[in-house]
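# Residue-level structure breakdown
Each chain, written out:
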Amino acid sequence: MSFGVYIHVPFCRSKCPYCDFYSVLLRDPEAKEKYTDAVVSEIRSFGRFFEEDADRAFIKQEPDSIYFGGGTPSLLEPIRIREILKACDDTFGRAEDREVTLEANPGTVDRDTLKGFRAMGVNRLSLGAQSFDDSLLRKLGRTHKTEETLRAFEDARAAGFKNISIDMIFGIEGQTMETWEDSLKKVLELSPEHISLYSLEFMEGTVFTRMLAEGRMKETDPEEDRRMYEKAAELLTAAGYVHYEISNFAKPGYESRHNLKYWDLDDYAGFGPGAHSYMTDADSGYGQRFFHAGDLEKYIKEPTDVTFMEPNGYADDMVEYTITALRLSRGISKAEFAERFEQEFWSFFGDLTKLQFRSFIDTGYAVEDEDNIRLTLKGFNVSNQILSLFV
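Summarised in this report is the structure supplied together with it.

Cut-offs used in this document
For every chain, the first residue of its written sequence is number 1, and the numbers climb from 1 along that sequence. With pLDDT at 70 or above as the cut-off, local features in this predicted model cover only qualifying residues; side-chain atom pairs require 80 or more to be listed or tallied, and sums for whole chains, interfaces and linings still use all residues. In computing side-chain values, all of the structure's heavy atoms are included and hydrogens and water are not. Numbered from the N terminus, helices here are DSSP runs of H or I no shorter than four residues, and strands are runs of E no shorter than two. Radius of gyration: over C-alpha atoms. The globule rule applied is 2.2 Å multiplied by the number of residues raised to the 0.38 power. Residue burial is assigned from relative accessible area. The probe radius is 1.4 Å, only protein chains are included, and a residue is buried under 20% of its type maximum, exposed over 50%, and partly exposed in between. In what follows, a contact means two residues having at least one pair of non-hydrogen atoms within 4.5 Å. Only the protein chains shown count as covering a residue, and every accessible area follows the Shrake-Rupley method with a 1.4 Å probe. Only protein atoms enter the calculation, which uses a 1 Å grid: trapped sets of points that fit a 1.4 Å probe without letting it out are cavities, open sets showing protein on both sides within 12 Å along at least five of seven lines are pockets, and any residue with an atom within 4 Å of a point is a lining residue. Grid points are joined across faces, edges and corners, and a volume is the space filled by probe spheres set on the points. Here the nonpolar group is Ala, Val, Leu, Ile, Met, Phe, Trp, Tyr, Cys and Pro; Asp, Glu, Lys and Arg are the charged ones; every other residue, Gly included, is treated as polar. The rule for pairing is simple: two strands pair if DSSP sees at least two bridges between them. Whether a crossover is right-handed depends on one test, that the path from the first strand over the helix to the second runs clockwise when the strands point away from the viewer. For the purposes of these results, a polar contact is taken to be a pair of N or O atoms within 3.5 Å, where, inside protein, one atom must be able to donate a hydrogen and its partner to accept one; residues adjacent in sequence count only when each atom of the pair is a side-chain atom. Aromatic contacts are taken between Phe, Tyr and Trp rings whose centres are within 6.5 Å, Trp giving its six-membered ring; a plane angle under 30 degrees counts as stacked, one over 60 as edge-to-face, and the others as tilted. Counted as over-ring charges are cases with an Arg CZ or a Lys NZ within 6 Å of the ring centre that also lie within 35 degrees of the ring normal. Any helix carries an expected span of 1.5 Å times its number of residues minus one.

### Description of the overall build of the protein chain
Along its length, the protein chain carries 15 helices and 17 strands. For the protein chain, whose C-alpha radius of gyration is 21 Å, the value lies close to the compact-globule estimate of 21 Å for 391 residues. Taking the principal axes of the C-alpha coordinates as reference, the protein chain spans close to 60 × 55 × 40 Å. Counting only residues that meet the buried cut, the protein chain has 52% of its 391 residues in that class. Partitioning the contacts of the protein chain with sequence separation of at least 6, the portion at a separation of at least 24 is 69%. Element-wise, carbon and sulfur atoms account for 47% of the exposed surface of the protein chain, whose accessible area totals about 18000 Å².

Pasting the structure below:
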């Protein structure tokens, strides 16, 4: 079984008021070098740890996905990306067809930088466009403008990137259906291989959440938010994109290999401050999660110091698998569930949950046949309500 590698790059030029991912402002000129050295040290130490246990056979297989997330990974120089990838190669080996993704803020890259990333082995770029309306970009606290996104995309193509993803946000205060459709049409004109759409969320501890509590900001009406989502799904699927996950659309064959690991409950190892990992325990066969605290200074001093969470049990893995799998348009294969957990799906969740789920089938929110269980587009719109049945 292959696994994925996640690298958390915590640096940002400024903190977006809606973001709750761990990040720090890049002020120390030596911070990037210290961070890179710490990540390389952790990766090599991680490999030595698992080499001591012959039962960890999966670690002998090369990761087929490596994902640089953040923060703003594009603030690292290409040579530092190369150092981290070399540590991965030396520790885990190198899969020939691996997917290597780098998240980038459009205002932090140019053609030469992108050529450097491509030369170092990055073959998938994720551009955080968020909107093609400059007034909304300012509201979101983004430091780039629409013209920079357009230029970054053009430069990425010129640099040799044949797999580009664009992130978009909807449900922003002041955003109308017309401005949302205009942004979507601009995305489609670029024709990226992958598009991610996220409804603006007010996360605990963020500036936006504080502004909301103080009455200085309003949430978008839930019905309007859902209409924006449905309009996006309509336009993107009509343009040939596959709606393969609640928030994600891809041209056929360009689904995010790395993110699918999260939704399929596959193994992934996370490196860097704030990074999380999920690895199958060799003895129990169940999942084990561990993570780094969001503290760059501590991480640089002790890059191998992680916090282990309570191991998953039999039921935990089945519940997590169900919740993540139902985010996918293909849903749950009953045969795969039975093979993986050695139990039939409804025999575990019981008759009451089955009856409650049946009401969503009858009203067009879900579909069940002999082989699969999945949500419809209508069901994606109320997914939290449906998924709560299985918790």
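### Remarks on unusual backbone geometry
With an omega dihedral of 15°, the bond running from G70 to G71 counts as a cis peptide bond. By the secondary structure assignment, G71 is in the loop between β4 (65-70) and α2 (78-92). In this structure, L265 takes a positive phi of about 60° despite not being glycine. If you trace the backbone, L265 turns up in the loop between α9 (257-263) and β11 (268-271). Classification of L265 by relative accessible area gives buried; the value is 5%.

### Some remarks on empty space enclosed by the protein
One pass over the full model with this rule turns up one cavity of 30 Å³ or more. As a volume, the largest cavity reaches approximately 80 Å³. Lining the largest cavity are F291, H292, A293, D295, K298, Y299, E302, D305, V306 and T307. Looking at the lining of the largest cavity residue by residue, the classes come out as four nonpolar, two polar and four charged.

### A look at the pairing of strand β8 (residues 194-199)
Remark: a regular strand shows side chains that alternate across the two faces of the sheet. Across six bridges, strand β7 (residues 164-170) lies against β8 in parallel orientation. From the neighbouring strand, M168 faces β8, where its bridge partner is L197. In this region the chain leaves β7, passes through helix α6 (residues 177-190) and returns to the parallel neighbour β8; the handedness of that crossover is right-handed.

### A short note on the side chain of T324
Mapped onto the secondary structure, T324 falls in helix α11 (residues 314-325). From its side chain, T324 meets the backbone oxygen of Y321 in a polar contact 3.2 Å long. Ignoring sequence-local partners within four residues, the contact set of T324 consists of Y262 and W263.

### Concerning the packing of aromatic side chains
Taken as a whole and assessed by the stated rule, the structure comprises 27 aromatic pairs. Three or more aromatic residues link up through ring pairs in this structure, and these residues are Y321, F337, F341, F345, W346, F348, F349, F357 and F390. A cation over an aromatic ring shows up here: R226 above the ring of Y229, its NZ or CZ 5.0 Å from the ring centre. A cation sits over an aromatic face here: K378 above Y365, 4.5 Å from the ring centre.

### A few points about α6
Given a rise of 1.5 Å per residue, 14 residues ought to cover 20 Å, and the 20 Å separating the end C-alpha atoms of α6 matches this to within 8%. The elements touched by buried residues of α6 are α5 (146-158), β7, β8 and α8 (222-238). A positive phi of about 60° marks S191, the residue just after α6.

### Things to note about the environment of G116
Mapped onto the elements, G116 comes out in helix α3 (residues 111-120). With relative accessibility at 16%, the residue G116 sits in the buried group. Each C-alpha atom of the pair G116 and L265 lies 33 Å from the other, and the pair is 149 residues apart in sequence.

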